[in-house]
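Here are the chains, one letter per residue:
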2 protein chains.
Amino acid sequence: MSRAYTLQPDPHLDLVLERVVDVPRELVWTAWTTPEHICQWFCPRPWTVSDCVIDLRPGGVFSTTMCSPEGEQFPNVGCYLEVIPGERLIWTDMLLPGFRPADQGFMTGILTLESTPEGTKYTATALHRDVDARKQHEEMGFHAGWNAALDQLVELVKSF
Amino acid sequence: MSRAYTLQPDPHLDLVLERVVDVPRELVWTAWTTPEHICQWFCPRPWTVSDCVIDLRPGGVFSTTMCSPEGEQFPNVGCYLEVIPGERLIWTDMLLPGFRPADQGFMTGILTLESTPEGTKYTATALHRDVDARKQHEEMGFHAGWNAALDQLVELVKSF
């Protein structure tokens, strides 16, 4: 199957985190695609991920349950759209597993990894339907949250 | 990339058209994936398709503009999710090209083609988010409409 068509991010609609991290690309991929690892880094502490299910193929489930410090649970279910091992992962909560339309979808995520002399260029993009959804995501703390989660990922990967 | 995960249709949520048609599988595929052919068969007459754009890869556009006998235009834009030439085509209007979340998505479509001694087993499935969406689609005339369009496809393919 040919590589998926992806957009250039639109600064009015999308949010992007781009950083170079000093860990190997393959380990970043492993941290993103293994449920027990996701539980350790995906949510900025003191929030946690209490449950994660992954079926790593287009249409396969990507589900995480986020858990507040008070113990309230927030399940999020979506599916993968593209899986290129070590290179690119695309998922959305607009579609449930098997591509069934979801009731309350919000975003499509694109993770791109490239090897660099320093380690890995890590680019995570959130695509939204409109300006309001982007704004809401930004105000929910996209930049601080996704940066803190990436710090946790790097810390975890260095402990492997 | 591995083959996508697809569901067994759920009779409470989904609509299925299954027929054997006496034309070759490859030509059914061609009729489904060529804009000028789509314009000739995709909408039951006297409605027409006035415009069709196809970028045949995951994330690529699948757009059709349906046109009423009075000339009113109804654009529908979505993207492909899986493309296995001659075998299976999956698309949705829940996501725009490049997988951007859409504003008013409704369904995911799955076309499956199998060669049989008589020609082609043609299975077209519409996945919906809930019972109401399925009911609405059925009342819009899913069965009569998709059957009539398939008759037009067979007629067109026989004229090739």
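Just so it is clear, the structure is predicted and the values come from calculations on it, not from any experiment.

**Notes on the UniProt feature "domain: Activator of Hsp90 ATPase homologue 1/2-like C-terminal" (unreviewed entry) in chain A**
Summarizing the sequence annotation, UniProt attributes the feature "domain: Activator of Hsp90 ATPase homologue 1/2-like C-terminal" (unreviewed entry) to residues 22-157 of chain A in the numbering used throughout. Within the segment residues 22-157 of chain A, helix and strand shares are 30% and 36% respectively, and the terminal C-alpha atoms sit 10 Å apart.

**As for the packing of aromatic side chains**
When we look at a pair of aromatic rings, we describe it by the centre distance and by the angle of the planes. On inspection of all chains with the given rule, the structure shows 18 aromatic pairs over all chains. Centroid distance B:Phe142 to B:Trp146: 4.5 Å. Interplanar angle 40 degrees. Geometry classified as tilted. A residue pair is termed a helical-turn pair when its members lie 3 or 4 positions apart in one helix, as B:Phe142 and B:Trp146 do in helix 4 (residues 142-158) at four residues. Taken together, the ring pairs in this structure connect A:Trp32, A:Trp41, A:Phe42, A:Phe62, A:Tyr80 and A:Trp91 into an aromatic cluster.

**Some points on the sheet that holds strand 3 (residues 61-67) of chain A**
The strands that make up a sheet are held in pairs by hydrogen bonds between backbone atoms, and each pair lies either parallel or antiparallel. All names here are of chain A. If you walk across this open sheet you meet the seven strands as 1-7-6-5-4-3-2, and the pairing is antiparallel. Looking at the sheet topology across the chains shown, the edges are occupied by strand 1 (15-21) and strand 2 (48-54). For this sheet, the mean inter-axis angle between neighbouring strands, taken without regard to orientation, is 20 degrees. Both strand 2 and strand 3 contribute to a ladder of six bridges, which runs antiparallel. Each residue of the ladder has a partner; that of Val53, found in strand 3, is Ser63. Helix 1 (residues 25-33) rests against strand 2, strand 3, strand 4 (73-84), strand 5 (88-92), strand 6 (108-116) and strand 7 (119-127) of the sheet, and its axis sits at about 155 degrees to strand 6. On the sheet, helix 4 (residues 142-158) packs against strand 1 and strand 7 and is oriented at approximately 30 degrees with respect to strand 1.

**A word on the interface of chain B and chain A**
Chain B puts 37 residues into the contact, and the matching count from chain A is 37 residues. Contact between chain B and chain A buries roughly 2,900 Å² in total, counting both sides, with carbon and sulfur atoms accounting for 63%. We note a salt bridge from A:Asp14 to B:Arg100, for which the minimum N-O separation is 2.7 Å. For the side of chain B that touches chain A, the element with the highest residue contribution is strand 4 (residues 73-84) of chain B, accounting for three residues. Class assignment for the residues of the side of chain B that touches chain A results in 19 nonpolar, eight polar and 10 charged.

**Topic: the pairing of strand 3 of chain A**
Residues and elements named next belong to chain A. Among the seven residues in strand 3, six count as buried, and that is most of the element. By the bridge criterion, seven bridges tie strand 3 to strand 4 in an arrangement that is antiparallel. For Cys67, the partnering residue across the bridge sits in strand 4 and is Gln73. Between strand 3 and strand 4, which pair antiparallel one after the other, the connecting turn spans five residues, and Gly71 there sits at a positive phi close to 95 degrees.

**Some points on the relation of the copies chain B and chain A**
Rotating chain B by 180 degrees and translating it 0.0 Å along the rotation axis places it on chain A, where the RMSD comes to 0.0 Å. In short, the pair behaves as if placed about a two-fold rotation axis. When the interface residues of chain B are mapped onto chain A, 100% of them again lie at the interface, so the same face is used by both copies.

**Overview of the sheet that holds strand 2 (residues 48-54) of chain B**
Residue and element names in this part refer to chain B. Strand order in this open sheet of seven strands is 1-7-6-5-4-3-2, and the pairing throughout is antiparallel. Of all strands in the sheet, those bounded by a partner on one side alone are strand 1 (15-21) and strand 2. On average, each strand axis in the sheet is inclined to that of its neighbour by 20 degrees, with strand direction left out of account. Of the strands in this sheet, strand 2, strand 3 (61-67), strand 4, strand 5 (88-92), strand 6 (108-116) and strand 7 (119-127) touch helix 1 (residues 25-33), which is tilted by about 155 degrees from strand 6.

**Observations regarding helix 3 (residues 131-139) of chain A**
Residue and element names in this part refer to chain A. All buried positions along helix 3 are accounted for by Ala133, Arg134 and His137. Each buried residue of helix 3 lies within a common arc of 100 degrees when the element is viewed along its axis, so the set occupies one face. Residues Asp132 and Glu139 are exposed on helix 3 and point more than 90 degrees away from its buried face. For helix 3, the secondary structure elements touched by its buried residues are strand 1, strand 7 and helix 4. Gly141 lies just past helix 3 and shows a positive phi near 100 degrees.

About the thresholds
Residues numbered from 1 in each chain as written. Chains lettered and ligands numbered in written order. Predicted model: local features only at pLDDT ≥ 70, side-chain atom pairs only at ≥ 80, totals over all residues. Heavy atoms only, no water. UniProt positions renumbered as here; feature names shortened; annotations may be inferred. Helix = DSSP H or I, 4+ residues; strand = E, 2+ residues; numbered from the N terminus. Phe/Tyr/Trp six-rings, centres within 6.5 Å; stacked < 30°, edge-to-face > 60°. Pairing = 2+ DSSP bridges. Axes fitted to C-alpha atoms, helices over the stretch in contact; angles between N-to-C directions. Contact = heavy atoms within 4.5 Å. Buried area = accessible area lost by both parts, 1.4 Å probe. Salt bridge = Lys/Arg side-chain N within 4 Å of Asp/Glu carboxyl O. Nonpolar A, V, L, I, M, F, W, Y, C, P; charged D, E, K, R; others polar. Buried < 20%, exposed > 50% of the residue type's maximum accessible area, 1.4 Å probe, protein only. Least-squares fit on C-alpha atoms with pLDDT ≥ 70 in both. Arc of directions from axis to C-beta.

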